[in-house]
Protein chains: 2
Amino acid sequence: MTSPNGSTTNLSADPAAIRRSFDHTWATLSPIGRDRVSGGYNRFPFTAVDLSLREWFTAEATKRGLDVEVDRNGNQWAWWGTPTSGAVATGSHLDSVPGGGAFDGPLGVVSSFLALDALRAAGVTPVRPLVIINFFEEEGSRFGLACLGSRLMTGQTNPDTARALTDNDGISLADAADAAGIRAQDMGHDADALAKIGVFVELHVEQGKNLVDQNASVGVASAIWPHGRWRFTFTGEGNHAGTTALVDRRDPMLPFATTILAARSIAETHDAVSTFGRVRVDPNGTNAIPARVDAWLDTRAADEASVSGVVRDLSAEASAAGTAHGVEVEVSQESWTPVIDFHRPLRDRLVATLDTAGISAPVLPTGAGHDAGILSNAVPTAMLFVRNPTGVSHSPREYAEEVDCVDGVIALAAVLTDLLTSPAETVTAGQ
Amino acid sequence: MTSPNGSTTNLSADPAAIRRSFDHTWATLSPIGRDRVSGGYNRFPFTAVDLSLREWFTAEATKRGLDVEVDRNGNQWAWWGTPTSGAVATGSHLDSVPGGGAFDGPLGVVSSFLALDALRAAGVTPVRPLVIINFFEEEGSRFGLACLGSRLMTGQTNPDTARALTDNDGISLADAADAAGIRAQDMGHDADALAKIGVFVELHVEQGKNLVDQNASVGVASAIWPHGRWRFTFTGEGNHAGTTALVDRRDPMLPFATTILAARSIAETHDAVSTFGRVRVDPNGTNAIPARVDAWLDTRAADEASVSGVVRDLSAEASAAGTAHGVEVEVSQESWTPVIDFHRPLRDRLVATLDTAGISAPVLPTGAGHDAGILSNAVPTAMLFVRNPTGVSHSPREYAEEVDCVDGVIALAAVLTDLLTSPAETVTAGQ
């Protein structure tokens, strides 16, 4: 294989060997946090399942002779070579949405370890260290704010705000972290850790069917749509479902229903996607008119003006519906990620490297957020996508063909080989 | 006081004494299962809170020298006199809806103990025993089926069905009962227990403002509206909220929203009340289109045809909305209580007794279900209501003025005195 800067490596990717290693590694990870009935995963931070995932990561690193560090924000770092600034970083996350799939996150971590194996098998001699990172709380499933590990590290989230976040049982992130042996008081902007990353490449299963349409097993990310989360709180009056006349009710479920339907039609108007996927009803009793409904809106579009337009119009609709039912409506932003255009020279370099390796990788945007998106504000960052035959994600039905996963490992190994062996000044210089 | 059959008792109700005793007794019960933040109660069967409530009941009975039995279905019975058939029974329940009020259930139990105290203070000599019953799982908050203790005892619920009911954590009623020391295998129709009840009178806080409108502290029930619970299951396809195009979605939240709004308009059409108070979203993640939404409909009206009409029309609307979104909709009945017309001679007897005691008690229907409604299919049954100044129930804001609670105790004592001292043939014979 010839890298774009002209040096030649002897990376002879052996698909059969990678496949065997993939099978074995995947099998050790698969049972952790899996619901036996639904087949979905519940991998939430600071739980027993999370501890098992961290132990799995440490074990995979240790058996490869890598040193593992945990940074101030709970992210795990496995080092090939002496930790120093300007390393080539890869990895992803091991947590899941509630009832999530097996691939979203773990595929990137597993592929990183297997790509390292391929590099070693090929005798690649890096001129800078490689580090594989397991990012903490990427999905935001427990504490509501996605990409928390990368947001804290890069200073994009105030640590006081993060520590005060609570889960559905009212447990604060600070208490959960301390109970899991990660000092919550140490969390926050970690310039030392960040300086160690010279360039970051995250491999991820595609969450959509772009690669199916383009008949490609691997793609390169161009951009992440701007996206955010807003909490809609409808406060009415709890009362008896059997004895309260309709005209006497202040039932928050009704304006919530109007808001769900409006979210769909307003998203269509703005060429956006909008979802109410999470709802909390208080007290949630069959024979009780709710006192309050909390619902979380996820909205994304190709440009920021469209997202803002959806939230503006929907807030107005929700407020009007609330007024009609004597229900108070509050809308608060819980997270916001501006549009991410990935580092153009690095992206072009990945496409060229893959092309040289015989892999034709289309360039495509995504509506999904990633730690790579957060890091891209601080360091040159790129993403590789692996084909998803159904496009389904955040579901037990999420899937990737093993042959495509192997292609992903080969692609990542090619990219890492290039980045680890090229002169520093060329790595992100757009060659 | 003169009872309707002409005998004279020396019941000299002392409001000040009852009030002091009410204060004291209420204070011992109030802290159990109370949420310190909301002030609402979470008193669910077979929990540590439930065990505390049972211990409280036993302690109140024991300090009055009453023997306590637990029947095969988990109901507690406190006996004044030797247990035998044909007793005068009173009482209510101690469990609550999620975030419920302090009065719904407990007021009837506390008033029963205080009425007994008043009877003893007055030197009433009963010709039959009195029994105070704490019914199990009246609200159906944990296992979904209301009035479970009385339904099982009277054979109105199949015990196999009951044992297989599960709570939100998937724990079966059978397992929860066994863990709490109540043998689930013994549950079911209990003719021996039922035969012990000659007549049943339940006192309850009103759940509505009828007594406010009629300027009365105490009322007598005429009927309970027919009512039922139906589970609406919307099954779509879980997927990523950011990467799934609107046209590719099968989002169950949308037909659910249409169904919420239709429930209100259809209830108006049928002169009924309909409520979606309980919702379960799977997986309930902000960035995941739900795979499934379960929602429970509570519907009631003055006549059964109206209730059936609501469910028929709403099922059709839900199904059509489901089809429009590629979502499967299933509707299943979880409980059904036909209209209850309380025993007319007994009801008239209560009104006459109260009138003689100087209490003008209006007769009124209610939309709320009660164990008294279940028992009325098996034995002569009546209810007393105590004024609720706001009408609010199933909410931390549920309330009754203490002066009205004292009136309730006096009314119950008058009724019990009459029933305990009259010849057997006259008790429910319409005299």
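The preceding data block contains the structure.
Here's a quick rundown of the structure. Starting from 1, residues in each chain are numbered consecutively following that chain's sequence as written. Think of it this way: whatever chain is written first is A, whatever ligand is written first is 1, and the rest follow in order. Given that the model is predicted, a residue must reach a pLDDT of at least 70 before its local features are reported, and side-chain atom pairs must reach 80 or more before they are shown or counted; all residues, however, enter totals for whole chains, interfaces and linings. Hydrogens and waters are ignored; side-chain quantities use all the structure's heavy atoms.

**Here's the deal with the interface of chain A and chain B**
Here's step 1: Throughout, a contact is declared for two residues whenever any of their heavy atoms are within 4.5 Å. Each partner contributes to the interface: chain A provides 56 residues, whereas chain B provides 57 residues.
Here's step 2: If you sort the residues of chain A by the area they bury against chain B, L246, R264 and T286 of chain A come out on top, with a joint share of 15%.
Here's step 3: The term salt bridge refers to a side-chain nitrogen of Lys or Arg lying within 4 Å of a carboxyl oxygen of Asp or Glu. At the junction of chain A with chain B, the criterion picks out two salt bridges.
Here's step 4: One salt bridge in this structure joins R397 of chain B and E237 of chain A, with 2.3 Å as the shortest N-O distance.
Here's step 5: Throughout this description, a polar contact denotes any pair of N or O atoms lying within 3.5 Å of each other; where both atoms belong to protein, one of them has to be capable of donating a hydrogen while the other can accept it, and for residues adjacent in sequence the pair is counted only when both atoms sit in side chains. In this structure, the connection of chain A to chain B is made through 20 residue pairs in polar contact (both at pLDDT 80 or more). Reported buried area values correspond to the accessible surface (1.4 Å probe) lost by two parts on association, with both partners' losses combined.

**A word on helix α9 (residues 253-269) of chain A**
Here's step 1: Each helix is a run of DSSP H or I of at least 4 residues and each strand a run of E of at least 2, with the numbering of both proceeding from the N terminus. The length a helix should cover is 1.5 Å for every residue beyond the first. For α9 of chain A, spanning 17 residues, the distance from its first C-alpha to its last is 25 Å, which sits close to the expected 24 Å at 1.5 Å a residue.
Here's step 2: Whether a residue is buried, partly exposed or exposed follows from its accessible area with a 1.4 Å probe, protein chains only, as a fraction of its type maximum: under 20%, in between, or over 50%, in that order. For α9 of chain A, a buried count of 12 out of 17 residues is recorded, marking the element as mostly surrounded by other parts of the structure.
Here's step 3: Every buried residue of α9 of chain A is accounted for by M253, L254, P255, F256, A257, T259, I260, A262, A263, R264, I266 and A267 of chain A.
Here's step 4: Taken together, the buried residues of α9 of chain A touch β7 (227-235), β9 (273-282), β11 (292-300) and α10 (304-324) of chain A together with α9 (253-269) and β9 (273-282) of chain B.
Here's step 5: One or two steps after α9 of chain A, the chain reaches D271 of chain A, where phi turns positive at roughly 60°.

**Thoughts on the relation of the copies chain A and chain B**
Here's step 1: Here chain A sits on chain B after a turn of 180° about the axis and a move of 0.0 Å along it, with an RMSD of 0.1 Å. Put plainly, the chains are arranged around a two-fold axis. Minimal C-alpha distance to the rotation axis in chain A is attained by A257 of chain A, lying at 2.2 Å.
Here's step 2: When the interface residues of chain A are mapped onto chain B, 100% of them are again interface residues, pointing to one common binding face. Least squares is used to superpose the copies, and the fit set is the C-alpha atoms of residues whose pLDDT is at least 70 in both copies.

**Details of the sheet that holds β9 of chain A**
Pairing between sheet strands relies on hydrogen bonds along the backbone, with the strands arranged either parallel or antiparallel.
Residue and element names in this part refer to chain A.
Here's step 1: Being paired, for any two strands, means DSSP has found at least two bridges between them. Spatially, the four strands line up as an open sheet ordered β9-β11-β7-β12, and their pairing is antiparallel. Only two strands of the sheet have a single partner each, and these edge strands are β9 and β12 (328-337). The sheet shows a mean angle of 20° between the axes of neighbouring strands, direction not considered.
Here's step 2: Looking at chain direction, β7 and β12 are connected through nine bridges and run antiparallel. Bridge pairing links T235 to E328 in β12.
Here's step 3: Seen against the sheet, α9 touches β7, β9 and β11 and runs at an angle of roughly 170° to β9. Only the stretch in contact is used when fitting a helix axis, every axis being a line fitted to C-alpha atoms; angles between N-to-C directions are given from 0 to 180 degrees.

**A look at the pairing of strand β1 (residues 67-70) of chain B**
All names here are of chain B.
Here's step 1: The pairing of β1 with strand β2 (residues 76-80) spans four bridges and is classified as antiparallel. Bridge assignment links D67 to a residue of β2, and that residue is W79.
Here's step 2: The hairpin formed by β1 and β2 contains five residues between the paired strands, and G74 there has a positive phi angle of roughly 85°.

**Thoughts on the side chain of E138 of chain B**
Residues and elements named next belong to chain B.
Here's step 1: The residue E138 is located in the loop between β4 (130-135) and α4 (148-153) in this model.
Here's step 2: By the counting rule applied here, Lys and Arg register as positive and Asp and Glu as negative, while His and the ends of each chain are not counted. Notably, E138 is buried but unbridged: the nearest opposite-charge side chain belongs to R229, and the N-O separation is 7.5 Å.
Here's step 3: Not counting the four nearest positions on each side in its chain, E138 is found in contact with H93, D95, A146, C147, G369, H370 and D371.

**Describing the sheet that holds strand β12 (residues 328-337) of chain B**
Residues and elements named next belong to chain B.
Here's step 1: The sheet built from four strands is open, its strands ordered β9-β11-β7-β12 with antiparallel pairing. The sheet is open, and its two borders are formed by β9 and β12, each paired with just one other strand. Averaged over all pairs of adjacent strands, the angle between their axes in this sheet comes to 20°, without regard to strand direction.
Here's step 2: As paired strands, strand β7 (residues 227-235) and strand β11 (residues 292-300) are joined by nine bridges and run antiparallel to one another. Counterpart to G228 in the pairing with β11 is T299.

**As for empty space enclosed by the protein**
Here's step 1: The way it works is a 1 Å grid over only the protein atoms, where trapped points that fit a 1.4 Å probe form a cavity and open points with protein on both sides within 12 Å along at least five of seven lines form a pocket, and then any residue with an atom within 4 Å of a point lines it. Grid points are joined across faces, edges and corners, and a volume is the space filled by probe spheres set on the points. For the structure shown, the criterion picks out nine cavities of 30 Å³ or more.
Here's step 2: Roughly 180 Å³ of volume is contained in the largest cavity.
Here's step 3: If you trace the largest cavity, you find 23 residues lining it, with E138, A146, H227, R300 and G369 of chain B closest to the centre.
Here's step 4: Residues were grouped as follows: Ala, Val, Leu, Ile, Met, Phe, Trp, Tyr, Cys and Pro as nonpolar; Asp, Glu, Lys and Arg as charged; and all remaining residues, including Gly, as polar. Counted by class, the lining of the largest cavity contains five nonpolar, 11 polar and seven charged residues.
Here's step 5: Each domain's limits were defined by an automated method or a database of domain assignments. Split by domain, the lining of the largest cavity shows at least three residues from each of two domains, domain 1 (15-225 + 339-429) and domain 2 (227-336) of chain B.
Here's step 6: Together, 21 residues line the second largest cavity, and A146, H227, R300 and G369 of chain A together with N287 of chain B are the ones closest to its centre.

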